[in-house]
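# A look at the structure
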Amino acid sequence: MSDARSFFATHRALSLFLLKMAAIYAAWFVLYDLWLLPDGRLDTWLSTSVASWTGAVLAPFYPETIVDSRTIWAKPGIGILIENGCNGLSALSLFIGFVVAYPGTWARRAWFIPMGLAAIVVTNIVRCAVLLVVSDKWPQIFGEVHALHALFVFYLVIFGLWVLWANVGGSAPPDAAPPAPPPVPRPVLAGA
């Protein structure tokens, strides 16, 4: 009987999580499509920031590095453009949606979300730097690296953050006492 309860409790928790994720993404897409995308400032800021930070990372290795708005030139003729789809905004929103939908305290979310966002932005900066080096050293494989590297690296980092949140962020606080076991019924002796 307890196995059946456990099964339904698990599926209820999963269903609740999936419903929360669906609601969060519906809200995000409405917000993004109707306000943020037409406004353009968030995408522009994120794209130019990633370009600037990537340029700073590359400068010691490529002294001719130039950042021009969304474009990073490692040297003349070798550059990449950080478009809206490549600035990491969708990965950032995916991460936030998971952390908000998954159980956990808001106090833990308050430190975990900024830490995770920083990790994803740093991942994107490293990804862009790698793409520039590939563009310079091995231009014939740039397309494949761009297509696979983004999927593999971004989603591997996001998955790692999800696992970390599920194991650390969603747990009970370490100082909380574990729940007491249910009382064990005492046998009743006949004739006593």
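Fair warning: this is a prediction, and the values are worked out from it, not measured in the lab.

Right, let's talk about the sheet that holds strand β2 (residues 71-75) for a bit. Strand order in the open sheet formed by 3 strands is β1-β2-β3, with antiparallel pairing between adjacent strands. Across the chains shown, the open sheet's two edge strands, defined by having one partner strand only, are β1 (66-68) and β3 (78-81). Strand-to-strand twist of the sheet, defined as the mean angle between neighbouring strand axes without regard to direction, takes the value 15 degrees. Of the pairings in the sheet, the one linking β1 to β2 comprises 3 bridges and is antiparallel in character.

To continue, consider the nonpolar core. Formed by 36 residues in total, the largest nonpolar core has its most connected members in I72, V99, I120 and L132. Those elements that place two or more of their residues in this core are α1 (2-39), α2 (41-58), β2, β3, α3 (89-101), α4 (106-137) and α5 (142-169). When near neighbours in sequence (up to four residues on either side) are disregarded, V99 contacts R109, F112, I113 and W165.

Turning to a nonpolar patch on the surface, a few remarks are in order. A contiguous nonpolar surface patch, about 440 Å² in accessible area, is contributed by V30, L31, L34 and W35. Looking at the element boundaries, L34 is found in helix α1.

Moving on, we come to the confidence of the model for the protein chain. Reading predicted coordinates in detail is not appropriate for stretches of low pLDDT. Scored by pLDDT, the protein chain has a mean of 83; 82% of the residues are at 70 or more. The least confident element of the protein chain, judged by mean pLDDT, is α1 at 75; the most confident is β1 at 94. Low pLDDT, under 50, characterises residues 172-176; the stretch is placed with 3 contacts to residues that sit more than four places away or in other chains.

A few words on the packing of aromatic side chains. If you walk through the whole model with that rule in mind, you get 7 aromatic pairs. Judged by centre distance (6.4 Å) and plane angle (35 degrees), the rings of Y25 and F29 are tilted. With a gap of 4 residues between them, Y25 and F29 both fall in helix α1, about one helical turn apart. Relative to W53, the ring of W45 lies with its centre 6.4 Å away and its plane at 85 degrees, an arrangement referred to as edge-to-face. Residue classification places W53 among the partly exposed residues on the basis of a relative accessible area of 37%. Members of the aromatic cluster, each reached through a chain of ring pairs, are F95, W111, F112 and W165.

With burial as the criterion, only one face of β3 is covered, namely that bearing I78 and I80; the residues G79 and L81 on the opposite face remain uncovered. Pairing geometry for β2 and β3, over 4 bridges, is antiparallel. Across the sheet, the residue bridging to T71 is L81, located in β3. Between β2 and β3, which follow one another and run antiparallel, lie 2 residues, and G77 among them has a positive phi close to 85 degrees.

Among the structural elements, N124 can be located in helix α4. Taking relative accessible area as the criterion, N124 reaches 1% and is therefore assigned buried. Among residues more than four places away in sequence, those in contact with N124 are V50, C86, N87, G88 and F154.

Following the sequence through the fold, G85 ends up in the loop between β3 and α3. Under the relative-accessibility criterion, G85 is labelled exposed at 70%. The spacing of G85 and D43 is 42 residues in sequence and 8.8 Å in space, taken between C-alpha atoms.

Conventions adopted
- Residues numbered from 1 in each chain as written.
- Predicted model: local features only at pLDDT ≥ 70, side-chain atom pairs only at ≥ 80, totals over all residues.
- Heavy atoms only, no water.
- Pairing = 2+ DSSP bridges.
- Helix = DSSP H or I, 4+ residues; strand = E, 2+ residues; numbered from the N terminus.
- Axes fitted to C-alpha atoms, helices over the stretch in contact; angles between N-to-C directions.
- Core = buried A, V, L, I, M, F, W, Y, C linked by side-chain atoms within 4.5 Å.
- Buried < 20%, exposed > 50% of the residue type's maximum accessible area, 1.4 Å probe, protein only.
- Contact = heavy atoms within 4.5 Å.
- Patch = residues over 30% accessible without salt bridge, like charges linked within 9 Å, V, L, I, M, F, W, Y side chains within 5 Å.
- Areas by Shrake-Rupley, 256 points an atom, 1.4 Å probe, with all protein chains shown as cover.
- Salt bridge = Lys/Arg side-chain N within 4 Å of Asp/Glu carboxyl O.
- pLDDT = per-residue confidence, 0-100.
- Phe/Tyr/Trp six-rings, centres within 6.5 Å; stacked < 30°, edge-to-face > 60°.

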